[in-house]
Amino acid sequence: MSKPHIGFIGLGLMGAAMVGRLQSKGYELTVMGNVTRPRIDAAVAAGATEAKTAAELASVSDIVMLCMDTSDSVESRMHGDDGVIAGLKPGTIVVDFGTSLPGSTKALGAAVAEKGATYLDAPLGRTPSHAVDGLLNIMCSGDKDAFDKIEPVFQDLGENVFHLGELGNGHTIKLINNFFAMTTANAMAEAFAMADRAGVGRSDLYDVMSAGPLKSGMMDFVKAYAVDGDANNLAFSVQNACKDVGYYSQMASDLDAPTIMSNCAREALGLAVDQGMGDALVPEMVDFYVKRFAK
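Summarised in this report is the structure supplied together with it. (Residues numbered from 1 in each chain as written. Predicted model: local features only at pLDDT ≥ 70, side-chain atom pairs only at ≥ 80, totals over all residues. Heavy atoms only, no water.)

1. Structural notes on the sheet that holds strand S5 (residues 93-96)
- Read from one edge of the open sheet, six strands run S3-S2-S1-S4-S5-S6, paired in parallel fashion. Every interior strand has two partners, whereas the edge strands, strand S3 (49-50) and strand S6 (118-121), have only one.
- Strands in contact with helix H1 (residues 13-24) are strand S1 (6-9), strand S2 (29-32) and strand S4 (63-66); relative to S1, the strand with the most contacts, it is inclined by about 160°. (Pairing = 2+ DSSP bridges. Helix = DSSP H or I, 4+ residues; strand = E, 2+ residues; numbered from the N terminus. Contact = heavy atoms within 4.5 Å. Axes fitted to C-alpha atoms, helices over the stretch in contact; angles between N-to-C directions.)

Here you go:
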């Protein structure tokens, strides 16, 4: 059976890695970038075709994939005369791999359905380095028949592929996941900074905490920077973390379930962005707290 033609929009670090993986598995791709040229040029050099508009890309694709930073970015590529929806053919499946607001996802799903196509949300876990090797976690939700049809493509991209029920559930679970992850990361970053302020060794703190039930992957990601000086084990920016925790808060508000626990992480990440740390990686929040606690 021939492989589906894939249109891919958004070649940032993650999107470019996914495109490279798909190309290595023999898929024909049409691509469209968002900000910078080098990753588009690399994909074209490897055989992809570049589209001038999202509508053009959709018109030649069996599957349209978006890997973008915000719901606003996704909506801007989906709507309008040059948007994905304008170019959709009946039967096309559209997949949003980003971390988006569930309400936006459901609205886009309805608009796509009016064209006889199907919209799935499939946010991702893990990092671009995992994407290169097809080892992502993929949290897909939406129409089960559409999921079953393109699951082989997901299996080429991911190690752990989930179907999570109705449209929007994937984004809901991803936001809960990221709220918990970023709250934990901030707590660990503050713990290391407080150890500095109290005159306690960071390694000693880690050795004691990691010997008990607090030990986790997130703890180790922050420790890799705080103790070993390597922030890249968690290659996720403060700006993106702030956005995701903000989306979680918006989702909670939409559900009439006012959040308490996310407020501290959102405040800290927002202050860090305001202080010019938006492009820093989340483990570098240790430096934010060190500066905050300085005499």
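2. Comments concerning the pairing of S6
- In this sheet, S6 lies alongside S5 in parallel orientation, the contact comprising four bridges. Within the sheet, the bridge partner assigned to Val 94 lies in S6 and is Tyr 119.
- Between the parallel elements S5 and S6, the chain passes through helix H6 (residues 102-113) in a crossover that is right-handed. (Right-handed = clockwise from strand over helix to strand, strands pointing away.)

3. A look at helix H11 (residues 217-226)
- Among the ten residues that make up H11, seven are buried, leaving the element largely enclosed by the rest of the structure.
- For H11, the full list of buried residues reads Met 218, Met 219, Val 222, Lys 223, Ala 224, Tyr 225 and Ala 226.
- Buried residues in H11 make contact with helix H9 (169-198), helix H10 (202-210) and helix H14 (285-293). (Buried < 20%, exposed > 50% of the residue type's maximum accessible area, 1.4 Å probe, protein only.)

4. Re helix H12 (residues 238-254)
- Along its 17 residues, H12 runs 24 Å from first to last C-alpha, staying within 8% of the 24 Å computed at 1.5 Å per residue.
- Residues of H12 that are buried: Val 238, Ala 241, Cys 242, Lys 243, Asp 244, Val 245, Tyr 247, Tyr 248, Ser 249, Met 251 and Ala 252.
- Lining the buried residues of H12 we find helix H4 (71-78), H6, H9, helix H13 (262-277) and H14.
- Trailing H12 by a residue or two, Asp 256 shows a phi angle of about 55°, which is positive. (Expected span 1.5 Å × (residues − 1).)

5. Overview of the pattern of salt bridges
- Going through the model one piece at a time under the given rule, you end up with eight salt bridges.
- A salt bridge links Arg 37 to Glu 50; its shortest N-O distance comes to 2.8 Å. Of the two residues, Arg 37 is situated in the loop between S2 and helix H2 (38-45) and Glu 50 in strand S3; the sequence distance between them amounts to 13 residues.
- A residue is classified by how much of its surface remains accessible, and Arg 37, at 41% relative accessible area, is partly exposed. (Salt bridge = Lys/Arg side-chain N within 4 Å of Asp/Glu carboxyl O.)

6. Quick word on the sheet that holds strand S9 (residues 158-163)
- If you walk across this open sheet you meet the three strands as S7-S8-S9, and the pairing is mixed. The two strands at the open ends of the sheet, each matched to only one other strand, are strand S7 (124-125) and S9.
- As paired strands, strand S8 (residues 136-140) and S9 are joined by five bridges and run parallel to one another. Within S9, the residue paired with Leu 136 across the bridge is Gly 158.
- Along the sheet, helix H8 (residues 144-157) contacts S8 and S9; its crossing angle with S9, the most-contacted strand, is approximately 165°.

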